[in-house]
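Spelled out, the chains give:
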Amino acid sequence: MLVTYVRTIVSTAGHVSCVLVLFGTNLLIGAIDGTARSLVKVIATCTGARIEQDHRIPHPERIRTFQDDRDDLIVSLPNTGAAEGGKSGPDQVMDEAETLARTVAYAAERNPKFDKSILGNESKLRELATNLICNELGGDDPSLLAEDFQFVFPVVGPLTKAQFV
């Protein structure tokens with residue numbers, strides 16, 4: 001009984017120690033990151049340095065896909081809830097065909113200049129996607145990328161077409 005009690009205390013102390021180490025490390029990293037960003041901003045302001053990637057404006061599609069507060073664009077299949085064999089809870093499986101149809105209608109309404117031969121054409125979209133993937137996402141054939149192409153990733157970018165290729 002004493003051994004079990006000691007093991008429980010040691011285990012609890014180990015868990016608490018791990019949490020404290022991780023929490024402290026997270027705070028320290030946040031402080032270093034905040035300090036570094038502030039220092040870079042001060043240096044850039046004082047020296048007139050311009051970090052191009054910080055001033056490049058991403059395409060609006062990258063900011064938010066649907067800026068209107070609409071919840072009718074994504075359609076779920078009925079009886080796909082998370083409980084009671086799918087009969088209870090919010091439906092979890094997207095109805096791809098209906099969601100695509102609604103998204104196409106929304107996009108056409110918002111952007112009448114969209115190419116109607118591609119927008120919503122599943123076989124054409126699949127063909128274009130396959131071609132892009134087979135050509136190293138445009139690296140082997142830059143003509144597949146739009147002139148205003150931007151590569152946006154959390155760690156890198158946004159990169160222009162020339163920088164990406």
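By convention here, each chain's residues receive numbers from 1 onward along its written sequence. Local features are withheld for residues below a pLDDT of 70 in this predicted model, meaning they are given only at 70 or higher, and side-chain atom pairs are given and counted only at 80 or more; totals for whole chains, interfaces and linings count all residues. By convention in this description, side-chain values take in all heavy atoms of the structure and omit both hydrogens and water.

As for the overall build of the protein
Logical step 1: Under the DSSP-based scheme used, a helix requires at least four consecutive residues in state H or I and a strand at least two consecutive residues in state E, with every element numbered from the N terminus. Counting its regular elements, the protein contains six helices and two strands.
Logical step 2: Helices and strands appear in the protein in the N-to-C order α-α-α-α-α-β-β-α.
Logical step 3: Only protein chains enter the accessibility calculation, which uses a 1.4 Å probe; a residue is then buried when its area is under 20% of its type maximum, exposed when over 50%, and partly exposed in between. Looking at the 165 residues of the protein, the share that counts as buried comes to 11%.
Logical step 4: Long-range pairs, those at least 24 residues apart, make up 33% of the contacts in the protein with a sequence separation of at least 6. Contacts between residues were defined by any pair of non-hydrogen atoms, one from each residue, lying within 4.5 Å.

Here we look at unusual backbone geometry
Where the residue is not glycine, phi is negative for most of them; where a peptide bond is considered, it is trans in most cases.
Logical step 1: In this model, N79 sits at a positive phi of 60°, which is unusual for a non-glycine residue.
Logical step 2: By secondary structure assignment, the location of N79 is in the loop between α3 (60-63) and α4 (96-110).
Logical step 3: Positive phi, normally seen in glycine, also occurs at E136, with a value near 55°.
Logical step 4: Inspection of the secondary structure assignment puts E136 in the loop between α5 (122-134) and β1 (150-151).
Logical step 5: What makes E136 exposed here is its relative accessible area of 54%.

Quick look at the side chain of T99
Logical step 1: Along the chain, the position of T99 falls in helix α4.
Logical step 2: Looking at T99, the relative accessible area reads 7%, which means it is buried.
Logical step 3: Two N or O atoms count as a polar contact when they lie within 3.5 Å, although within protein this holds only if one can serve as hydrogen donor and the other as acceptor, and sequence-adjacent residues are included solely when both atoms are side-chain atoms. A distance of 3.0 Å separates a polar side-chain atom of T99 from the backbone nitrogen of V75.
Logical step 4: Apart from residues lying up to four places away in sequence, T99 is in contact with L73, I74, V75 and M94.

Regarding α4
Logical step 1: A helix is expected to span 1.5 Å for every residue after the first. Taking 1.5 Å per residue as the helical rise, α4 with its 15 residues ought to reach 21 Å, and the 21 Å between its terminal C-alpha atoms agrees with that figure.
Logical step 2: Within α4, the full set of buried residues consists of T99, V104, Y106 and A107. Taken down its axis, α4 places every buried residue within 165° of arc, on the same side. Opposite its buried face, α4 presents the exposed residues A97 and E109, each directed more than 90 degrees away. Taken from the helix axis, the directions to the C-beta atoms give the arc we talk about.

Let's talk about the environment of E122
Logical step 1: When you line up the elements, E122 lands in helix α5.
Logical step 2: Along the chain, E122 and A97 lie 25 residues apart, while their C-alpha atoms are 9.3 Å from each other.

A closer look at helix α1 (residues 2-47)
Logical step 1: Between the first and last C-alpha of α1 there are 67 Å, a value that for 46 residues agrees with the 68 Å anticipated at 1.5 Å per step.
Logical step 2: In terms of burial, α1 is largely open, as just one of its 46 residues are buried.
Logical step 3: G48 sits one or two positions beyond α1 and adopts a positive phi of about 75°.

As for the pattern of salt bridges
Pairs can form between side chains of opposite charge once their charged atoms are near each other.
Logical step 1: A side-chain nitrogen of Lys or Arg and a carboxyl oxygen of Asp or Glu constitute a salt bridge if their distance falls within 4 Å. Scanning the model with the defined rule gives four salt bridges in all.
Logical step 2: Its salt-bridge partner being R102, residue E98 comes within 3.0 Å of it at the nearest N-O pair. Of this pair, E98 and R102 both sit in helix α4, four residues apart, which is roughly one turn of the helix.
Logical step 3: E98 sits in the partly exposed class, given a relative accessible area of 31%.
Logical step 4: Owing to a relative accessible area of 34%, R102 belongs among the partly exposed residues under this scheme.
Logical step 5: Of the charged contacts, one joins E127 and K124 as a salt bridge, the two residues approaching to 3.7 Å between their closest N and O atoms. With a gap of three residues between them, E127 and K124 both fall in helix α5, about one helical turn apart.

Digging into the side chain of N135
Logical step 1: On the secondary structure map, N135 appears in the loop between α5 and β1.
Logical step 2: Residue classification places N135 among the buried positions, given a relative accessible area of 18%.
Logical step 3: Contacts of N135, omitting those with residues within four sequence positions, involve D140, D141 and L144.

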